[in-house]
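Structure at a glance
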Amino acid sequence: MDKVERHLRAAAAHATQPLCAYVYDLEALHRHSEAVVAALPQGCELFYAIKANSDLPILQTLAPRVAGFEVSSGGELAWAREHFATTALIFSGPGKTDTELQLALDSDIDAIHVESLHELRRLSWLAKASGKCVPILLRVNLPMPGLIVTPLMMGGKPTPFGIAADQLPACFESLQSAPNLRLRGFHFHLLSHQLDATAHVDLIATCLDQVAHWCEAYGLDIDHVNVGGGIGVNYRQPQQQFDLVAFGEGLRRLRESQPDMPRLRFECGRYITAACGYYAMEVLDIKHAFGGAFLVARGGTHHFRTPYAQNHSHPFHILPVERWPYPWPRPELHDAVVNVVGQLCTPKDLLAFDARVDRVRAGDLLVFPYAGAYAWHISHHDFLRHPHPQNWYLPMEHANAANE
Ligand SMILES: Cc1ncc(COP(=O)(O)O)c(C=O)c1O
């Protein structure tokens, strides 16, 4: 954070326009990704779900540390292959078109995660026409009685994601007459925003039990199980984050109790990149209405939609900026409760609410941490045609860190 602050202070001192920027700390990303990989026991591998943030410097930092990238569209697949010719790619997502499936067939893909019987048939048909054999996983939606529920559930209830478990027999039957498809395993991405390490291990154990049952019942020979992403970031209480060490230990115990456990593959997004990114906005104005105080800042949810998407008040801190070009006193507040809004003409352009601040002045910077995942990449950038924020990728301070 110190590095990010230093960079922002220097930029604010020279800014000719109100400042608005994303800042990414690539060294922090490097360290965090290494810590995640190190925490996973043997027999586990980490892919990065690039939908969380597919900026090139982010991917370049991660490519040497992760087992590969998970892509969820033809666009992501083409982007990843264009820049990473040899990185392992896995292809997920509902509603894949024939063109996207063909692109995957032509892109030396590690595995395609099949989402329905119809998709399975189309892929078999395309693979046969191309004379190729494709490694696949079946993505499954499972009932999960008694397991934790998070704010974003992709499985365990009616959703369009994956194949409902009761439809698997039809898929196995179809695979009998699909020599161009090779079933390598099963895929589960049942939820996001998981903050409880023990519950996550339990969820994985439940998936593995199911897989063992299918393998036995249908005589399947698989080589791995992809347990998706889903590890969350605690935006509301940033001091209490997912317990990575406990998670690693839980997985280790699970592995010890099941010596025949297949290889586990993770495809995490949010947990990998959220913490390396910061969104900074300059306070343009301070307003009061009906007892409420509003900091109106440069930018808004068209850049940083995360708080609106997750329905939370995003934590932020204030970076004092001494430059004040006007010949009248600065608007300022002391020991106040504020709402942070952007420049959009909608009351939904709200980034933080009921937040207590010691002191804030027009011209100060508001810095939102945990803005490196599902932030810029899920936002409606051109609403109102405001300028896009600047993007700064702070490089690694030690040159050899990049090559370790
Ligand atoms: C199939 C799939 N895999 C992985 C992810 C990454 O999830 P997360 O960012 O919660 O780790 C997603 C997110 O939606 C997904 O749909």
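These numbers come from a predicted model, not from an experiment.

The rules behind each value
Residues numbered from 1 in each chain as written. Predicted model: local features only at pLDDT ≥ 70, side-chain atom pairs only at ≥ 80, totals over all residues. Heavy atoms only, no water. Near = heavy atom within 4 Å. Polar contact = N/O pair within 3.5 Å; in protein donor to acceptor, adjacent residues only side chain to side chain. Areas by Shrake-Rupley, 256 points an atom, 1.4 Å probe, with all protein chains shown as cover. Nonpolar A, V, L, I, M, F, W, Y, C, P; charged D, E, K, R; others polar. Core = buried A, V, L, I, M, F, W, Y, C linked by side-chain atoms within 4.5 Å. Buried < 20%, exposed > 50% of the residue type's maximum accessible area, 1.4 Å probe, protein only. Helix = DSSP H or I, 4+ residues; strand = E, 2+ residues; numbered from the N terminus. Domains from an automatic or database assignment. Contact = heavy atoms within 4.5 Å. pLDDT = per-residue confidence, 0-100. Axes fitted to C-alpha atoms, helices over the stretch in contact; angles between N-to-C directions. Parallel < 35°, antiparallel > 145°, perpendicular 65-115°, else oblique. Left-handed = near helix turned anticlockwise from the far one by under 90°. Buried area = accessible area lost by both parts, 1.4 Å probe. Salt bridge = Lys/Arg side-chain N within 4 Å of Asp/Glu carboxyl O.

**Section: the site of the ligand**
Near the ligand you find 15 residues, and of these Ser 192, Gly 230, Glu 267, Arg 270 and Tyr 374 are the closest. A distance of 2.7 Å is found between an oxygen atom of the ligand and a side-chain nitrogen or oxygen belonging to Ser 192. For the ligand, an oxygen atom lies 2.5 Å from a polar atom in the side chain of Tyr 374. Expressed as a share of its isolated accessible area of 390 Å², the protein-covered part of the ligand is 91%. Of the residues in the shell around the ligand, the class split is 4 nonpolar, 6 polar and 5 charged.

**Some words on the nonpolar core**
Ranked by internal contacts, the top residues of the largest apolar core, which has 110 residues, are Leu 138 and Phe 266. Counting residues per element, this core draws most heavily on helix H8 (residues 197-218), which supplies 10 residues. Residues from two domains meet in this core; each of domain 1 (2-23 + 275-394) and domain 2 (26-273) gives at least three. Excluding its chain neighbours within four sequence positions, the residues that come into contact with Phe 266 are Leu 40, Cys 44, Glu 45, Leu 46, Phe 47, Ile 204, Val 227, Gly 228, Phe 247 and Leu 251. The next biggest cluster of nonpolar side chains, apart from the first, holds 16 residues, and it includes Val 4, Ala 11, Ala 15 and Val 367.

**Some thoughts on the side chain of His 314**
Mapped onto the elements of the fold, His 314 is located in the loop between helix H11 (306-310) and strand E15 (317-319). When its relative accessible area of 1% is taken as the criterion, His 314 is described as buried. In terms of polar contacts, His 314 uses its side chain to reach the side chain of His 312, at 2.9 Å. Contacts of His 314, omitting those with residues within four sequence positions, involve Tyr 235, Phe 304, Pro 307, Leu 351, Ala 352, Phe 368, Pro 369 and Tyr 370.

**Brief notes about the confidence of the model for the chain**
This prediction gives the chain a mean pLDDT of 95; 98% of its residues lie at or above 70. Here residues 399-404 is a poorly scored stretch, pLDDT under 50, and it has 8 contacts once near neighbours within four places are set aside; other chains count.

**Some thoughts on the packing of helix H5 (residues 98-105) against helix H6 (residues 117-130)**
Between H5 and H6, whose axes approach to 10 Å, the crossing angle comes to 50 degrees. Taken together, the axis directions place H5 and H6 in an arrangement best described as oblique. In this structure, the crossing between H5 and H6 has a hand that is right-handed. Every residue of H6 that contacts H5 at Asp 98, Leu 101, Gln 102 and Leu 105 is listed here: Glu 119, Arg 122, Leu 123, Trp 125, Leu 126, Ala 127 and Ser 130. Class assignment for the residues of the contact of H5 with H6 results in 6 nonpolar, 2 polar and 3 charged.

**Considerations on the domain arrangement of the chain**
Often, the extent of an interface is quoted as the loss of accessible area on bringing the components together. Partitioning the chain into structural domains gives domain 1 (2-23 + 275-394) and domain 2 (26-273). Centre-to-centre, using C-alpha coordinates, domain 1 lies 35 Å away from domain 2. At the junction of the two partners, domain 1 supplies 17 residues and domain 2 supplies 19 residues. For the domain 1 and domain 2 pair, buried surface summed over both sides reaches about 1800 Å², with 56% attributable to carbon and sulfur atoms. Together, Tyr 374, His 377 and Tyr 393 form the three largest contributors to the area buried by domain 1 at its contact with domain 2, with a combined 34%. Seen at the junction of domain 1 and domain 2, the total is 1 salt bridge.

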